[in-house]
Every structure is written in C-alpha cells, then in structure tokens.
Amino acid sequence: MRRLGDASGSAPITEGDRVVVVEDVAIKGGFNANGRTGTVTDAWVICETDPACCCAELTTVPLT
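Because the structure is predicted, anything quoted here is derived from the model rather than measured.

Caption draft 1: Spotlight on a nonpolar patch on the surface. Residues Val 25, Ile 27 and Phe 31 make up a contiguous nonpolar surface patch of roughly 250 Å² in combined accessible area. Examined against the element boundaries, Val 25 turns out to sit in the loop between β2 (18-20) and β3 (26-27).

As structure tokens, this is what we get:
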C-alpha cells in the first residue's frame, strides 16, 4: 500500500488515508488488487498496546 499523493511512503498509513495497492495481492474471487485504490477504515499497529506481545504473527490482516 502507498498513500495517494505520497511519493516517499515514509509515514505510516492511518485510518482515513486514501491508498493504492502497489504490489500483487490476491483478493476474494481470485482477483488481483494491484492498482486498486480505497480508503483505510481500520489500521492495526503490531504490539501497539503491549510491546512485549509475542503472538502478533497469529493475528488477522493489519489493514482494511
């Protein structure tokens, strides 16, 4: 993902940002999301509330 209008891509993506998918990603129905745009409705940051957490790799997708 890359924020629309942000060539550097250095700032984290947050809720409400307009984004574009910049790599191949399979989505429902066997389609490729590369090039699609949208608005972030939920963004999860790994271990945001518990820096000692060890199970972040077991969670669901970090961005919707």
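Picking up where we left off.
Caption draft 2: Looking closely at the pattern of salt bridges. Enumeration over the complete set of coordinates arrives at one salt bridge. Linking Asp 17 and Arg 3 is a salt bridge whose minimum nitrogen-to-oxygen distance equals 3.0 Å. Pair noted here: Asp 17 is in the loop between β1 (2-3) and β2 and Arg 3 is in strand β1, with a separation of 14 residues, a long-range link. A relative accessible area of 17% means that Arg 3 is categorised as buried.

Caption draft 3: View of the sheet that holds β2. Across the sheet, three strands lie side by side as β1-β2-β5; this open sheet has antiparallel pairing. Of all the strands in the sheet, the pair left with one neighbour each is β1 and β5 (37-39). Of the strand pairs in this sheet, β1 and β2 are connected by two bridges, and their pairing is antiparallel. Looking across to β2, one finds that Arg 3 is bridged to Val 19.

Cut-offs and rules
- Residues numbered from 1 in each chain as written.
- Predicted model: local features only at pLDDT ≥ 70, side-chain atom pairs only at ≥ 80, totals over all residues.
- Heavy atoms only, no water.
- Patch = residues over 30% accessible without salt bridge, like charges linked within 9 Å, V, L, I, M, F, W, Y side chains within 5 Å.
- Areas by Shrake-Rupley, 256 points an atom, 1.4 Å probe, with all protein chains shown as cover.
- Salt bridge = Lys/Arg side-chain N within 4 Å of Asp/Glu carboxyl O.
- Helix = DSSP H or I, 4+ residues; strand = E, 2+ residues; numbered from the N terminus.
- Buried < 20%, exposed > 50% of the residue type's maximum accessible area, 1.4 Å probe, protein only.
- Pairing = 2+ DSSP bridges.

Geometric descriptors of this kind do not, in isolation, establish any biological role.
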